[in-house]
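What follows is the residue order along each chain.
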Amino acid sequence: MTKDPIGVFISGRGSNLKSIINISKDLNFPGKISVVFSDNPDAKGIELAYENNIDTIILDINNFEDKNDFEEKILISIKPYNLKLICLAGYMKILSKKFIDKFPGKILNIHPSLLPKYKGINTHRRAIENKEAFSGCTVHYVNENIDDGEIILQKKVMIDINDTEHTLANKVLKEEHLIYPEAIKLALKK
Ligand code: GRF
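Residues numbered from 1 in each chain as written. Predicted model: local features only at pLDDT ≥ 70, side-chain atom pairs only at ≥ 80, totals over all residues. Heavy atoms only, no water.

### Focus: the packing of helix α1 (residues 15-24) against helix α6 (residues 165-189)
Then, in step 1: One way to put it is that α1 packs onto α6 with a least axis distance of 9 Å and a crossing angle of 50 degrees. With respect to each other, α1 and α6 are oriented oblique. The two elements α1 and α6 meet at a crossing, and its hand is right-handed. Within the contact between the two elements, α1 uses S15, N16, S19, I20 and I23 and α6 uses L173, E176, H177, Y180, P181 and I184.
Then, in step 2: For the contact of α1 with α6, a count of residues per class yields 6 nonpolar, 4 polar and 1 charged. (Axes fitted to C-alpha atoms, helices over the stretch in contact; angles between N-to-C directions. Helix = DSSP H or I, 4+ residues; strand = E, 2+ residues; numbered from the N terminus. Parallel < 35°, antiparallel > 145°, perpendicular 65-115°, else oblique. Left-handed = near helix turned anticlockwise from the far one by under 90°. Contact = heavy atoms within 4.5 Å. Nonpolar A, V, L, I, M, F, W, Y, C, P; charged D, E, K, R; others polar.)

### Notes on the pattern of salt bridges
Between side chains of opposite charge, a pair can form as their charged atoms come close.
Then, in step 1: Per the counting criterion, the structure on display carries 11 salt bridges.
Then, in step 2: Each of D160, D163 and K171 takes part in one network of salt bridges that share partners. (Salt bridge = Lys/Arg side-chain N within 4 Å of Asp/Glu carboxyl O.)

### So, α1
Then, in step 1: Burial of α1 is extensive: 7 of the 10 residues sit out of reach of the surface.
Then, in step 2: Those residues of α1 not exposed but buried are S15, N16, L17, S19, I20, I21 and S24.
Then, in step 3: Buried-residue contacts for α1 involve β1 (4-10), β2 (31-38), α2 (45-51), β5 (107-111) and α6. (Buried < 20%, exposed > 50% of the residue type's maximum accessible area, 1.4 Å probe, protein only.)

### Notes on the environment of A183
Then, in step 1: Here A183 lies in helix α6.
Then, in step 2: Taking the relative accessible area as the measure of exposure, A183 reaches 0% and is therefore buried.
Then, in step 3: For the pair A183 and I110, spaced 73 residues apart in sequence, the C-alpha to C-alpha distance is 9.6 Å.
Then, in step 4: In contact with A183, other than residues within four places in its own chain, are L108, V139, I152 and L153.

### Let's talk about the side chain of N109
Then, in step 1: Locating N109 in the fold gives a position in strand β5.
Then, in step 2: With a relative accessible area of 10%, N109 lands in the buried category.
Then, in step 3: A distance of 3.5 Å separates polar atoms of two side chains, one belonging to N109 and the other to D147. (Polar contact = N/O pair within 3.5 Å; in protein donor to acceptor, adjacent residues only side chain to side chain.)

### Re the sheet that holds strand β3 (residues 55-58)
Strand pairing in a sheet relies on backbone hydrogen bonds, with the paired strands running either antiparallel or parallel.
Then, in step 1: Here 7 strands make up an open sheet; going across it, the order is β3-β2-β1-β4-β5-β6-β7 and the pairing mixed. In this open sheet, the two strands that pair with only one neighbour each are β3 and β7 (151-158). Across this sheet, the average inter-strand angle for adjacent strands is 20 degrees, counted without regard to direction.
Then, in step 2: As paired strands, β1 and β2 are joined by 7 bridges and run parallel to one another. (Pairing = 2+ DSSP bridges.)

### Regarding the nonpolar core
Then, in step 1: If you look at the biggest cluster of nonpolar residues, it comprises 35 residues, and the most contacted ones within it are V8, L108, Y180 and I184.
Then, in step 2: The biggest single contributor to this core is α6, with 8 residues.
Then, in step 3: Of all hydrophobic cores here, the second largest spans 19 residues; its members include F9, F37, L75 and I86. (Core = buried A, V, L, I, M, F, W, Y, C linked by side-chain atoms within 4.5 Å.)

### Comments concerning the packing of aromatic side chains
Then, in step 1: On inspection of all chains with the given rule, the structure shows 7 aromatic pairs.
Then, in step 2: Between F9 and F99 the ring centres are 6.2 Å apart and the planes differ by 65 degrees, which places this aromatic pair in the edge-to-face class. Remark: F99 occurs in helix α4 (residues 97-101) and F9 occurs in strand β1; sequence separation between them is 90 residues.
Then, in step 3: Here F9 falls in the buried class, since its relative accessible area comes to 1%.
Then, in step 4: Here F37 and F70 contribute two aromatic rings whose centre-to-centre distance is 6.2 Å and whose plane-to-plane angle is 50 degrees, an arrangement assigned as tilted. Pair noted here: F37 is in strand β2 and F70 is in helix α3 (residues 67-78), with a separation of 33 residues, a long-range link. For the pair formed by F37 and F70, the shared burial category is buried.
Then, in step 5: In this structure, K156 packs its charged tip against the face of F134, placed 4.4 Å from the ring centre. (Phe/Tyr/Trp six-rings, centres within 6.5 Å; stacked < 30°, edge-to-face > 60°. Lys NZ or Arg CZ within 6 Å of the ring centre and 35° of its normal.)

As structure tokens, this is what we get:
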């Protein structure tokens, strides 16, 4: 089976990147990560890419005139990979509409809440403060609004009375690692 080229964009730890790397070793998984892009030179996830012989592109926005310049450079750098999908995995920059429009229906994001609830940051803290019974995670297509595009997959987790932001984050993260690869399969089938 020929595997479709995927780019993964990260800014930090890279645990979702790791789950995608692992699943893509499966011969039946339809994608392979051709390139990892990080906007953060210190992102831990870069090491994972090195260890797995995946090409990396690292660009620090501070070295560019403005965001437009930065994104232009990303576009030029990823062009040779002919990416079928771009997976944002803890990527902390907001992509411009101009960038998103270059990849219609091809950019995915994972978010640690049951969207449309709790867009943005501190999702677990807010869910606990609001005494929600459930939280979870969502993989969705990216549009120009933050954490907003069409939902591909979601997974619910129960919030226990003793859960802290930290324990809830861990529970949700485990599910993230399962649904992101599944959502990639679905998106590649489209
Ligand atoms: C995840 O919780 C993801 O949902 C959010 O950022 C975090 C990234 O974690 N968008 P990691 O870098 O994949 O470990």
